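Observations on the three-dimensional arrangement
Here's the letter readout for the chains.
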Amino acid sequence: MKVSLVLLIPAFLCLSPQAINRLSATVTTRQVQQGKSITIKGEVFYQRNGNMVTHFSFPRRVVILANKLGETSIYDPVRNAVIRYQNEAFSTQTTQISFFLNGTTSDMGLIQAGFVQAKTTNTGKLLVTDWRLKTPNKKAPVQHVRIVYDRANPIYMHYEDGAGKVIRKVYFYNYQPLEGRPFPTTTTEIVYQNRDSTVSKTVYSDFRLNSAASSPYFDYSIPANATVEQ
C-alpha cells in the first residue's frame, strides 16, 4: 500500500519557513581511495536564483561558478585559466543545497532525471521509496534508485545498475534547521568501481543566511583576460 509522504510530515514542518535568498557555508570533504586520503577545504555561496560559487582554498585554489542551466566555469586563479562547459546534469538544481533549501526532497531530483516512483514501503518509522526509469534504457548506468526517509528527512539513497548491483550509496545525517528547513550538515558517499570504492565525507559548517551572508564571492566574475582551455 502506498503511503503519502505528506501524511508523515510533522505539523510543525508544515509552517511556511522563511525564504533563504542567500547562503554561505564552509565545506570540508575528506576522500579515501585505494588507501590514500585527501582533504579538500572551501566555501560555498548559493543564491535562490540558482547561481552558486564554490571557492576551494586547499589543497589548491580553484573557483567554480555554476547556475541552474548547467553552465559551469572552473577557474584557476594561479594560472588565470578557465574551463567552461554546459550540461543539464550539472545544474545547481540537482545539488544537495538546492534539494533541501527549496523543499524538493520528496524525489531528490529523480523526476527531473527521468525516473518514476515504482514502490513505497512504510516500515513504521521509516519510509522507503523505490524508483525506476520512466522510459526503459538498458544503456543507462543507473536503472533503479532507493530513498529512505526518517519522517520527512532523507537519510539514505542508493543507485543500482542493470544487474541490480548497488554502485553508489549516500547517507545524510546531523540535521540542522536553517530557517525552518532541516538540512543535513554531514553527507557520506560511497562510489563502487570494479573491486575498489571511493568514500567521501562532506561536512558543512559556519552557515550564514540572507543579510548575514556577505561576501564578494556572491558576485564573483572570472577575469576577462583569463585563458580559455578545452
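Residues numbered from 1 in each chain as written. Predicted model: local features only at pLDDT ≥ 70, side-chain atom pairs only at ≥ 80, totals over all residues. Heavy atoms only, no water.

1. Structural notes on the overall build of the protein
In plain terms, the rule: Elements are defined by DSSP. Helices are runs of H or I of four residues or more, strands are runs of E of two residues or more, and each kind is numbered from the N terminus. Here the globule rule is a power law, 2.2 Å times the number of residues to the power 0.38, and the radius of gyration is based on C-alpha atoms. Accessibility here uses a 1.4 Å probe with only protein chains present; expressed as a share of the type maximum, an area under 20% marks a residue as buried, one over 50% as exposed, and anything in between as partly exposed. Should any heavy atoms of two residues lie within 4.5 Å, those residues are considered in contact.
Counting secondary structure elements, the protein contains 1 helix and 14 strands. The globule rule puts the C-alpha radius of gyration for 230 residues at 17 Å, and the 19 Å found for the protein is close to it. Of all 230 residues assigned to the protein, the portion counted as buried reaches 40%. Counting contacts in the protein only where the partners sit at least 6 residues apart, residues at least 24 apart contribute 41% of the total.

2. As for the nonpolar core
Where we set the bar: Think of a nonpolar core as a cluster: buried Ala, Val, Leu, Ile, Met, Phe, Trp, Tyr and Cys residues, connected wherever their side-chain atoms sit within 4.5 Å.
If you look at the biggest cluster of nonpolar residues, it comprises 30 residues, and the most contacted ones within it are Leu23, Ile97, Leu101, Met157, Leu178, Phe183 and Tyr204. Put simply, the parts of the chain that give this core at least two residues each are strand E1 (22–33), strand E2 (36–47), helix H1 (96–101), strand E8 (126–133), strand E9 (144–150), strand E10 (153–160), strand E11 (166–178) and strand E13 (196–209). Ranked by the residues each element gives to this core, the list is headed by H1, at 4 residues. The residues touching leucine 101, leaving out its near neighbours within four places in the chain, are Ile20, Leu23, Tyr46, Leu178, Arg181 and Phe183.

3. A few points about the environment of arginine 30
To keep it simple, the criterion reads: Polar contacts, as counted here, are pairs of nitrogen or oxygen atoms within 3.5 Å of one another; within protein the pair requires one atom able to donate a hydrogen and one able to accept it, and residues that are adjacent in sequence qualify only if both atoms are side-chain atoms.
Checked against the element boundaries, arginine 30 lands in strand E1. Distance in space between the C-alpha atoms of arginine 30 and lysine 41 is 8.8 Å, their sequence separation being 11 residues. Look past the residues within four positions of arginine 30 in its chain and what remains in contact with it is Ser37, Ile38, Thr39, Val199, Ser200 and Lys201. A distance of 3.1 Å separates the side chain of arginine 30 from the side chain of serine 37, its partner in a polar contact.

4. Things to note about the side chain of histidine 158
By the element assignment, histidine 158 lies in strand E10. At 2.9 Å, the side chain of histidine 158 forms a polar contact with the side chain of tyrosine 156. Reaching out from histidine 158, the side chain makes a polar contact with the side chain of glutamate 160 at a distance of 3.0 Å.

5. A word on the pairing of strand E5 (residues 71–76)
We apply this condition: The criterion for strand pairing is that DSSP finds at least two bridges linking the strands in question.
As paired elements, strand E4 (residues 62–66) and E5 share 4 bridges and run antiparallel to each other. Among the inter-strand pairings, leucine 65 is bridged to a residue of E5, identified as serine 73. Between the end of E4 and the start of E5, which pair antiparallel, lie 4 residues, with glycine 70 showing a positive phi angle near 85°. Inspection of the sheet shows E5 paired to strand E6 (residues 81–86) by 6 bridges, in the antiparallel sense. By the bridge assignment, glutamate 71 is partnered in E6 with glutamine 86. Here E5 hands over to E6 after 4 residues, with asparagine 80 in that stretch at a positive phi of 55°.

6. Focus on the layout of surface pockets
Operational definition: Whether a set of points on the 1 Å grid over the protein atoms alone is a cavity depends on a 1.4 Å probe fitting there but being unable to get out, while an open set qualifies as a pocket with protein on both sides within 12 Å along at least five of seven lines; lining residues are those with an atom within 4 Å of a point. Grid points are joined across faces, edges and corners, and a volume is the space filled by probe spheres set on the points. Each residue gets one label: Ala, Val, Leu, Ile, Met, Phe, Trp, Tyr, Cys and Pro are nonpolar, Asp, Glu, Lys and Arg are charged, and the others, such as Gly, are polar.
Approximately 1700 Å³ is the volume found for the largest pocket. In terms of lining, the largest pocket is formed by 49 residues, of which the most central are Thr94, Thr95, Gln96, Arg168 and Glu189. Broken down by element, the residue count for the lining of the largest pocket peaks at 5 residues, all from strand E12 (residues 181–193). Taken together, the residues that form the lining of the largest pocket break down as 27 nonpolar, 18 polar and 4 charged.

7. What about the pattern of salt bridges?
A pair can form between side chains of opposite charge whenever their charged atoms are brought close. Our working rule: When a carboxyl oxygen of Asp or Glu is within 4 Å of a side-chain nitrogen of Lys or Arg, the pair counts as a salt bridge.
Counted under the stated rule, the structure contains 6 salt bridges. Of the charged contacts in the structure, one is a salt bridge between aspartate 130 and arginine 146, with a shortest N-O distance of 2.7 Å. Taken together, the residues span a long stretch of sequence, with aspartate 130 in strand E8 and arginine 146 in strand E9 at a distance of 16 residues. One network of salt bridges, in which partners are shared, links Arg60, Asp76, Arg79 and Glu229.

8. Things to note about the side chain of threonine 92
Looking at the element boundaries, threonine 92 is found in the loop between E6 and H1. Reaching out from threonine 92, the side chain makes a polar contact with the backbone oxygen of glycine 50 at a distance of 2.6 Å. Within the structure, the side chain of threonine 92 is placed 3.3 Å from the backbone nitrogen of lysine 68, a separation counted as a polar contact. In this view, threonine 92 contacts Gly50, Met52, Ala66, Asn67, Lys68 and Ser98; residues no more than four positions away in its chain are not counted.

Everything listed is a geometric property; what it means functionally is a separate question.
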